[in-house]
Amino acid sequence: MDALDFLETPISTGTTIMAVEFEGGVVIGADSRTSAGSFVANRVTDKLTRITDHIYCCRSGSAADTQAIADIVAYSLDYHENQTGQPATVLEAASEFRNFCYNYRSSLLAAMIVAGWDEKLGGQVYSVPLGGMLVREACAIGGSGSSYIYGFVKEHYKPNMPLEDCVEFVKKAVKHAIFRDTASGGVVRIGILTREGFERRLFFNTESGESVVQNTLELKVE
């Protein structure tokens, strides 16, 4: 086996992604590892991708494919908002993702979770798995790490959880997947989507959730 085989391996977001509805919005979460085969291409990838101020997507599959689709949908919705003067709904965004993932299903390797908040329906989560199906779910998981946490999610998920309970639930689920799945790793990125917009939180993959390296020249943590 050539030690440089990873140079010919497509970059993948073999990953753990998750989104959960709560009473006032949606909590989304993901790990941060991007891999090419057994080679870790990026330890701190941001897989929570902005589409609009109130709509984000979580990406799994081919990094190139998912980034391209997200960019196209973001442009399309921005054009839609400029023409109509109305913000796009979460369902409209999810439908755009579904159209691309379905129409190009033989060419693309992309599975997405689309989540956000709008005036019509509040917080919503839509899953767009490989092949381009579209389904709304109160709690959605995806990526290679998801197969390790189905039992955990079924046991601990409760509808309409309070915000902080929802954040803790997503954080623990992604951490469990990171521990078991070799394609998932890095830090846990959490996003909270509500009427007020988007809030980010970051948790290190340590027992305390804090960085073990503080304020060094190599890694300064504010």
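Nothing here was measured: the structure is a model prediction, and the numbers come from that model.

1. Some details on the sheet that holds strand β7 (residues 110-118)
Ordered by their spatial adjacency, 5 strands build an open sheet running β5-β6-β7-β8-β9, and the pairing between neighbours is antiparallel. The two strands at the open ends of the sheet, each matched to only one other strand, are β5 (48-52) and β9 (135-136). Sheet topology note: the β7/strand β8 (residues 122-128) ladder contains 7 bridges and is antiparallel. Across the sheet, Met-112 pairs through a bridge with Val-128, a residue of β8. Lying on the sheet, helix α1 (residues 63-84) is in contact with β5, β6 (55-61) and β7; it crosses β5 at an angle near 20 degrees. Strands in contact with helix α2 (residues 90-103) are β5, β6, β7 and β8; relative to β7, the strand with the most contacts, it is inclined by about 165 degrees.

2. Brief notes about the sheet that holds strand β11 (residues 188-194)
Spatially, 5 strands are ordered β10-β1-β2-β11-β12 in an open sheet, and the strand pairing comes out antiparallel. The open sheet has two free edges, formed respectively by β10 (139-142) and β12 (197-203), since each of these has just one partner strand. Adjacent strand axes in the sheet meet at a mean angle of 15 degrees, parallel and antiparallel pairs treated alike. Where strand β2 (residues 25-30) meets β11, 6 bridges bridge the pair, whose relative direction is antiparallel. Each bridged residue has a counterpart across the sheet, and for Val-26 the counterpart in β11 is Leu-193. Sheet contacts for helix α4 (residues 163-180): β1 (17-22), β2, β10, β11 and β12; angle to β11, the most-contacted strand, approximately 150 degrees.

3. A few points about the UniProt feature "active site" (unreviewed entry) in the protein
The residues that UniProt annotates with the feature "active site" (unreviewed entry) are Thr-15. Relative accessible area serves as the criterion here: at 1%, Thr-15 is assigned to the buried category. In this view, Thr-15 contacts Asp-31, Lys-47, Arg-59, Ser-60, Gly-142, Gly-143, Ser-144, Gly-145, Asp-181, Ala-183 and Ser-184; residues no more than four positions away in its chain are not counted.

4. A short note on unusual backbone geometry
Non-glycine residue Asn-160 carries a positive phi angle of around 55 degrees. Of note, Asn-160 is situated in the loop between α3 (150-156) and α4. In this structure Asn-160 comes out as exposed when scored by relative accessible area, which is 57%.

5. Regarding the pattern of salt bridges
Counting across every chain of the model gives 8 salt bridges. A salt bridge links Arg-201 to Glu-164; the nearest nitrogen and oxygen atoms lie 2.9 Å apart. With Arg-201 in strand β12 and Glu-164 in helix α4, this pair connects stretches of sequence that are 37 residues apart. Accessibility expressed as a relative area gives 45% for Glu-164, which makes it partly exposed. One salt-bridge network, in which partners are shared between bridges, spans Glu-164, Glu-199 and Arg-201.

6. Things to note about the nonpolar core
Among the nonpolar cores identified, the biggest contains 22 residues, and Met-18, Val-20, Val-27, Phe-169, Val-170 and Ile-190 are the most heavily contacted of them. Those elements that provide at least two residues to this core are β1, β10, α3, α4 and β11. Per-element tally for this core: the top contributor is α4, with 8 residues. Ranked by size, the runner-up nonpolar core spans 19 residues in total, among them Ile-69, Ala-93, Cys-101 and Tyr-126.

Procedures and definitions
- Residues numbered from 1 in each chain as written.
- Predicted model: local features only at pLDDT ≥ 70, side-chain atom pairs only at ≥ 80, totals over all residues.
- Heavy atoms only, no water.
- Pairing = 2+ DSSP bridges.
- Helix = DSSP H or I, 4+ residues; strand = E, 2+ residues; numbered from the N terminus.
- Contact = heavy atoms within 4.5 Å.
- Axes fitted to C-alpha atoms, helices over the stretch in contact; angles between N-to-C directions.
- UniProt positions renumbered as here; feature names shortened; annotations may be inferred.
- Buried < 20%, exposed > 50% of the residue type's maximum accessible area, 1.4 Å probe, protein only.
- Salt bridge = Lys/Arg side-chain N within 4 Å of Asp/Glu carboxyl O.
- Core = buried A, V, L, I, M, F, W, Y, C linked by side-chain atoms within 4.5 Å.

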